[in-house]
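Fold and geometry: a report
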Amino acid sequence: IRKEYEAFFEKWKRDYSDEIRKEAIKKSQDVLKGKVTEQIVPYFPDFPYDPRDVRFIGSPVDLVVFSGLREKDIVDEIVFVEIKTGKSRQSENEKKVEDAVRKGRVSYRVISLSKGTL
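Residues numbered from 1 in each chain as written. Predicted model: local features only at pLDDT ≥ 70, side-chain atom pairs only at ≥ 80, totals over all residues. Heavy atoms only, no water.

As a further point, take helix 1 (residues 2-40). Look at helix 1: 54 Å from first C-alpha to last across 39 residues, which is about the 57 Å you get at 1.5 Å a residue. When the local axis directions of helix 1 are compared, the greatest deviation, roughly 45°, occurs at Tyr-16. Of the residues making up helix 1, those classed as buried are Gly-34, Thr-37 and Glu-38. Buried residues in helix 1 make contact with strand 1 (54-56) and strand 2 (63-67). (Helix = DSSP H or I, 4+ residues; strand = E, 2+ residues; numbered from the N terminus. Expected span 1.5 Å × (residues − 1). Bend = angle between axes of the 7 residues up to and from the residue. Buried < 20%, exposed > 50% of the residue type's maximum accessible area, 1.4 Å probe, protein only. Contact = heavy atoms within 4.5 Å.)

Under the counting rule described, the total for this entry stands at four aromatic pairs. With centroids separated by 6.0 Å and ring planes inclined at 15°, the aromatic side chains of Phe-9 and Trp-12 adopt a geometry described as stacked. Of this pair, Phe-9 and Trp-12 both sit in helix 1, three residues apart, which is roughly one turn of the helix. When its relative accessible area of 34% is taken as the criterion, Phe-9 is described as partly exposed. (Phe/Tyr/Trp six-rings, centres within 6.5 Å; stacked < 30°, edge-to-face > 60°.)

All right, on to the sheet that holds strand 3 (residues 77-81) then. Spatial ordering of the open sheet is given by 1-2-3, a layout of three strands whose pairing is antiparallel. The two strands at the open ends of the sheet, each matched to only one other strand, are strand 1 and strand 3. With strand direction ignored, the average angle separating the axes of adjacent strands in the sheet is 20°. Note that strand 1 and strand 2 share three bridges and pair antiparallel. Paired with Val-54 across the two strands is Val-65, which belongs to strand 2. (Pairing = 2+ DSSP bridges. Axes fitted to C-alpha atoms, helices over the stretch in contact; angles between N-to-C directions.)

This next bit is on the nonpolar core. Val-41, Phe-47, Val-54, Leu-63, Val-65, Val-79, Val-81 and Ile-83 form the largest nonpolar core, which has eight residues in total. Among the elements of the structure, strand 2 and strand 3 are those that each provide at least two residues to this core. Once residues within four sequence positions are removed from consideration, Val-54 is found in contact with Pro-42, Phe-47, Leu-63, Val-64 and Val-65. (Core = buried A, V, L, I, M, F, W, Y, C linked by side-chain atoms within 4.5 Å.)

Set out below in structure tokens:
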């Protein structure tokens, strides 16, 4: 039985290894394309914010927009932006951030360092 299984497994590897490799490469390319897009989307003509107000974070949200800061020298609004491409969906952590923002669990804190302590 072991020899039959090993022979079956070797045949399966031969038959599907190219397909598995191609799929892995495609998935890797899609992820890379998405990461590049996240960083350049603020410069797209239809992007609704001034690109100078945008800061790339990457994770757990892609961008933070300080709307109005450059042009008006005030912040009208702070917007967390998640960019999705293709069939990608929000991760669980992205959903948690969105939930915290929507429920107002957002704050601002200044941490001063003095004498090597917080």
